[in-house]
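# Reading the structure
Chain by chain, the residues run as shown.
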Amino acid sequence: GQQLNQSPQSMFIQEGEDVSMNCTSSSIFNTWLWYKQDPGEGPVLLIALYKAGELTSNGRLTAQFGITRKDSFLNISASIPSDVGIYFCAGDSGTASKLTFGTGTRLQVTL
Amino acid sequence: GAVVSQHPSRVICKSGTSVKIECRSLDFQATTMFWYRQFPKKSLMLMATSNEGSKATYEQGVEKDKFLINHASLTLSTLTVTSAHPEDSSFYICSAGGLAGSDTQYFGPGTRLTVL
């Protein structure tokens, strides 16, 4: 099936650093979602974006819905060890609310 | 709110047997439930969409006779992997949507299936 291109594929950062990752698509989406998945667990919703240009924060996380509706980014400020995991973007085109997932960004945080 | 559970969390079975995985929305009614499959270090791939009381819609390449989906109530969907083979070993994750005022999906914790 279709997947969104997510970059970077993986990141190794030091605790306290800021992180930025993005997601791009050739298709327009009506909703962008960002999830975090820990090993052996299901994805947990971090932020949902519903309008082009929307900028939304959730604690240290900030995400934006691109103006073109074909991209989104997620920023994490002042990273901490528990931020370790895989971050997935997902787009909802509005067709039966089916989600298309990004390829994932694996984040490692070192002390 | 928006809690989704899955049972079992892990299952090991012999080749040729069938395995049933349950997905429940615990604190909301889910008009739609989705089933995904995830291979190690890969993204989630949608297998099928199920709506309560109707037949599931399968994604291209997913065998409907192999992966039986039943959505008997607004809080329960089941995925049965029939005549499982080692290549069916994977992480199966369900999600539920339909929470009032929200278009987002809430995911279960996943089920690790290992077929020997």
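To start, this report covers the structure provided alongside it. Starting afresh in each chain, residues are numbered from 1 along the sequence in its written order. Labels follow written order: the first chain is A, the first ligand is 1, and so on. Only residues with pLDDT of at least 70 are given local features in this predicted model, and only at 80 or more are side-chain atom pairs given and counted; all residues enter the totals for whole chains, interfaces and linings. Values shown for side chains rest on all heavy atoms present in the structure; no hydrogens or waters enter the calculation.

What follows concerns the overall build of chain B. What counts as a helix is a DSSP run of H or I of at least four residues, what counts as a strand is a run of E of at least two, and both are numbered from the N terminus. Looking only at helices and strands, chain B features zero helices and 11 strands. For chain B, the α and β elements follow one another from N to C terminus as β-β-β-β-β-β-β-β-β-β-β. Whereas a compact globule of 116 residues would reach a radius of gyration of roughly 13 Å, chain B reaches 13 Å, a difference of no more than 12%. Over its C-alpha atoms, taken along the principal directions, chain B stretches across nearly 45 × 25 × 20 Å. Every one of the 116 residues in chain B was classed for burial, and the buried ones make up 52%. Any two residues whose heavy atoms approach within 4.5 Å are treated as being in contact. In chain B, once contacts between residues fewer than 6 apart in sequence are set aside, the share between residues at least 24 apart is 55%. Using a 1.4 Å probe, the Shrake-Rupley method yields the accessible areas, and only the shown protein chains count as cover for residues. Of the roughly 5,700 Å² of accessible surface on chain B, a fraction of 52% belongs to carbon and sulfur atoms. We score Asp and Glu as negative and Lys and Arg as positive, and we do not count His or the chain ends. Lysine's charge is taken at NZ, arginine's at CZ, aspartate's at CG and glutamate's at CD. Averaging the coordinates of the 11 positive side-chain charges in chain B and doing the same for the 9 negative ones gives two points 9 Å apart. Every radius of gyration here is taken over C-alpha atoms, with the globule rule written as 2.2 Å times N^0.38, N being the number of residues. Only protein chains enter the area calculation, which uses a 1.4 Å probe; residues under 20% of their type maximum are buried, those over 50% are exposed, and those in between are partly exposed.

Below, the discussion takes up the interface of chain B and chain A. Facing 22 residues of chain B, the contacting portion of chain A comprises 22 residues. Salt bridges, as used here, are contacts in which a Lys or Arg side-chain nitrogen is within 4 Å of a carboxyl oxygen on Asp or Glu. Seen at the junction of chain B and chain A, the total is one salt bridge. Two N or O atoms count as a polar contact when they lie within 3.5 Å, although within protein this holds only if one can serve as hydrogen donor and the other as acceptor, and sequence-adjacent residues are included solely when both atoms are side-chain atoms. Summed over the shared surface of chain B and chain A, the number is five residue pairs in polar contact (both at pLDDT 80 or more). Those elements that provide at least two residues to the side of chain B that touches chain A are strand 4 (32–38), strand 5 (44–51), strand 9 (90–97) and strand 10 (106–107) of chain B.

Let us now look at the sheet that holds strand 3 (residues 19–24) of chain A. All names here are of chain A. Note: two strands are recorded as paired if DSSP finds a minimum of 2 bridges between them. Strand order across the open sheet formed by five strands is 1-3-8-7-6, with antiparallel pairing between neighbours. Across the chains shown, the open sheet's two edge strands, defined by having one partner strand only, are strand 1 (5–7) and strand 6 (55–58). Strand-to-strand twist in this sheet, taken as the mean axis angle between neighbours without regard to direction, amounts to 15°. Direction of pairing for strand 7 (residues 61–65) relative to strand 8 (residues 71–76): antiparallel, over a ladder of five bridges. Within the sheet, the bridge partner assigned to Gln 64 lies in strand 8 and is Phe 73. Geometry is summarised by axes, namely lines fitted to C-alpha atoms with helices restricted to the contacting stretch, and by angles between N-to-C directions that run from 0 to 180 degrees.

Remember, this is a structural readout, not a statement about activity or role.
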